[in-house]
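Here's the letter readout for the chains.
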Amino acid sequence: MTAHILTWWTILRICLEERLVYRGDFALGTLMRFMPIVTQIFLWTAIFAAAGQTEIAGYTRDNFVAYYLLTMVSRAFSSMPSLASGIALQIRNGEIKKFLIQPIDMIGFLLLSRIAHKLVYYAVAWAPFALVFFLCRSFFTHGWPAPEILAAYVGSLVMAFLLGFFLESLIGMIGFWFLEVSSLLFVYMLFNFFFSGHMFPLDMLPAPWDTVVQLIPLQYLAYFPAAVFLGKIQGPELVQGLCVQAGWVIALIVANRVAFACGVRRYSGYGG
Amino acid sequence: MSLIQLDGLAKSYTIYQKQEGLKASLAGLFSREYRTVEAVRGIDLQVEQGEFVAFLGPNGAGKTTTLKLLSGVITPTAGTAKVLGFVPWRRENAYRRRFALVMGQKNQLWWDLPAQESFRLHQQIYRIDAQSFAATRDELVDLLDVRGLLTQPVRELSLGERMKMELIAALLHSPEVLFLDEPTIGLDVVAQHNIQKFLKHYQEFRKITILLTSHYMKDIAALCRRVVVIAKGQIVYDGSLSGIIDQFSSHKVLTLQFANDTMPSDLARYGDVLEIAEPKVTLKVDRNVIADVLSAVLANHTLEDVSVEDPPLEEVIAEVFSQSQSSSPSAAAGAGQGGQETISDVSSA
């Protein structure tokens, strides 16, 4: 067990070092992430002014801005830039061979690499995040949630990270069959944009789309954590939501394992 | 049982045959023609512990595919293989800790970090205790003379330096079997020589088993006593390097130096004239009649010097390769896998 922990710690440490190599790109990427929230504030201020209403689908303008701030946090956990395309590229150019030759688990390795990716991001981004939330504190009309809600929120964020990771790595592993997954990834990103709640709060959706949302895991990537923080999901509904989210994580871990096992059997060792 | 045992090992691929042009590309959306590439066709081979074996063959002969099968990267279509008692494509960690694969055209180190970080990672992945790790790393670093490069990012190393680091990373866990796929490809002669020297020393000292593919005859001549020639996915020769000449060369090279301007004009009756530089002539003579030709020359002419030699090894091997290529319609197949191709299937996409 100690040997396992030491191995994973070394992988994590080296991934962290690698992430810190390109400082300029990293700094720019971190800061640019905050730009969309400014446009969201202006957009919803304009929409409410034009509508002449104080509420749309149960949300005030402040609620909307608070929601978008929280989905920004959710997506900082669940988005996995270049994961799927990176796996497919490694399959196509043969770099995946090293995971087949060396006594190391590829999915575990990629997960640790992504944890390192996120840790480095949070280590730098917490300050601008804190500043943005401080400047926007007036939009959170209900203040801080209760400690148990906060704990559920953190849990849902961690599971959002795992869900995002296993969804994208599964798409990447489709590369064992199709080699090129960019179109598939585009479709996924499109669905993700709508059904994760990134574009608007999902409880605004009419039937039958609200049912569709319940049947797929995408809401747990952005909407669900934000809704938990805002107190829109509480009590037994919250427990059930967390259980379903955990269920999706487990199902996707299994799907990843099956896809990898079948994929490497089919793999042709491309690229010399 | 041998350390490496292959029985009827075969691997075939089905590859989409893309026709030229936009029209064919559009047609390919509805119906595609596939061909079966038989990269390896029933190889039987035994390699004993401590052997240094070279795989020789033209591009697309099936050498790299065989190494991929033995290292568990791909699964065979038919046949069996055991390396160190393991079936490679089951990819058991117990097996993966006992062999290494180095590919001259593939980088397994972390591109943006110094090589020592990749070494540290290998220490953990292969569970090498700290003392053995330090001792092995220092030994390899000194042998390959790269101590000053350990802290330099891999992307900033030259190709030769990078290959040395790849070898160190591959050998840190002291593998019992090492697969080398063109380890000196693209290197200059000095770097090639250094790698050869290192491999020779390391193999003799550690007595590990090495399977090497290379297109550089100097690599093979310097390192391997045993050569396996693969063509069209099959073994066509298994023996010593010099034995290739005996088996595949049909002629000898006869060089005659005539005395006192007595060089005859009808040299063609003795064999094919390769070069004339009076008073010297070089002839290609069928090895079955070399004794008769030599007797006739000595009886009819006054010579100052005479020599009978085997043709250069490179020439014989090139001949073997070209024979194997011309007897088959196959060309190098896509995706780096070679072998004999047959159009076998037309199906809708």
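Residues numbered from 1 in each chain as written. Chains lettered and ligands numbered in written order. Predicted model: local features only at pLDDT ≥ 70, side-chain atom pairs only at ≥ 80, totals over all residues.

1. Let's talk about the overall build of chain B
Across its full length, chain B carries 11 helices and 14 strands. Each of the three principal axes of chain B carries a C-alpha extent, and together these read 75 × 60 × 45 Å. The burial tally for chain B puts 39% of its 349 residues in the buried class. Within chain B, residue pairs in contact and separated by at least 24 positions form 74% of the contacts whose partners lie at least 6 positions apart. (Helix = DSSP H or I, 4+ residues; strand = E, 2+ residues; numbered from the N terminus. Buried ≥ 20, exposed ≤ 12 C-beta atoms within 10 Å, placed from the backbone. Contact = placed C-beta atoms within 7 Å.)

2. Let's talk about the packing of helix α4 (residues 115–125) of chain B against helix α6 (residues 159–171) of chain B
How two helices sit against one another is set out by the angle between their axes and by the gap between those axes. Residues and elements named next belong to chain B. The interhelical angle for the contact between α4 and α6, taken along N-to-C directions, is 15 degrees, at an axis separation of 9 Å. One finds that α4 runs roughly parallel with respect to α6. Crossing hand, α4 versus α6: right-handed. Seen from α4, the contacting residues are A115, S118, F119 and H122; seen from α6, they are M165, I168 and A169. (Axes fitted to C-alpha atoms, helices over the stretch in contact; angles between N-to-C directions. Parallel < 35°, antiparallel > 145°, perpendicular 65-115°, else oblique. Left-handed = near helix turned anticlockwise from the far one by under 90°.)

3. Overview of the domain arrangement of chain B
Accessible area lost upon the coming together of the parts is a frequently used measure of interface size. Split into domains, chain B comes out as domain 1 (4–98 + 175–246) and domain 2 (250–309). Each of domain 1 of chain B and domain 2 of chain B was reduced to a C-alpha centroid, and the two centroids are 41 Å apart. (Domains from an automatic or database assignment.)

4. Description of unusual backbone geometry
Omega for the peptide link from A207(A) to P208(A) comes to 0 degrees, which places this bond in the cis form. Examined against the element boundaries, P208(A) turns out to sit in the loop between α10 (182–195) and α11 (209–215). The step from E278(B) to P279(B) runs through a cis peptide bond, and the omega angle for that step is 5 degrees. Structurally, P279(B) is set in the loop between β11 (272–277) and β12 (280–286). At D145(B), a residue that is not glycine, the phi angle is positive and equals roughly 55 degrees. For D145(B), the position within the fold is in the loop between α5 (130–144) and α6.

5. Some points on the sheet that holds strand β6 (residues 177–181) of chain B
Residues and elements named next belong to chain B. On the basis of which strands lie adjacent, the open sheet formed by 6 strands has the order β5-β6-β7-β3-β8-β9 and mixed pairing. The open sheet has two edge strands with one neighbour each: β5 (99–103) and β9 (234–239). Taking each pair of neighbouring strands and ignoring which way they run, the sheet shows an average axis angle of 15 degrees. (Pairing = 2+ DSSP bridges.)

6. Details of the pairing of strand β1 (residues 4–16) of chain B
Residues and elements named next belong to chain B. Note that β1 and strand β4 (residues 78–83) share 5 bridges and pair antiparallel. Paired with D7 across the two strands is T80, which belongs to β4. Inspection of the sheet shows β1 paired to strand β2 (residues 31–47) by 11 bridges, in the antiparallel sense. When the bridges of β2 are listed, I15 appears paired with R35.

7. Some remarks on the interface of chain B and chain A
In this complex, chain B contributes 29 residues to the contact, which on the side of chain A involves 24 residues. Elements with a minimum of two residues in the side of chain B that touches chain A: α2 (63–70), α3 (93–96) and α4 of chain B. The dominant element in the side of chain B that touches chain A, judged by the number of residues it contributes, is α4(B), at 5 residues. Residue classes in the side of chain B that touches chain A are distributed as 10 nonpolar, 10 polar and 9 charged. (Nonpolar A, V, L, I, M, F, W, Y, C, P; charged D, E, K, R; others polar.)

8. What to know about the packing of helix α7 (residues 106–135) of chain A against helix α8 (residues 147–173) of chain A
Residues and elements named next belong to chain A. Across the interface, α7 lies against α8 with an axial gap of 11 Å and an inter-helix angle of 130 degrees. With respect to their mutual orientation, α7 and α8 come out oblique. Seen from above, α7 lies across α8 with right-handed handedness. When α7 is examined against α8, the residues I107, L110, L111, R114 and K118 are found in contact with a partner set consisting of F161, F165 and S169.

9. Overview of α6(B)
Residues and elements named next belong to chain B. When the terminal C-alpha atoms of α6 are compared, their 18 Å separation across 13 residues agrees well with the 18 Å that a helix rising 1.5 Å per residue should span. Counted residue by residue, α6 has 10 buried out of 13 residues, so it is predominantly covered. Those residues of α6 that are buried are in contact with β5, α4, α5, β6 and α7 (189–206). (Expected span 1.5 Å × (residues − 1).)

10. As for the pairing of β6(B)
Residue and element names in this part refer to chain B. Of all the 5 residues making up β6, 5 are buried; the element is thus mostly covered by neighbouring parts of the structure. Burial along β6 is two-sided: the residues V177, F179 and D181 and L178 and L180 are all buried. Here 5 bridges tie β5 to β6, and the two strands are oriented parallel to one another. In the strand pairing of β6, L101 is matched with F179.

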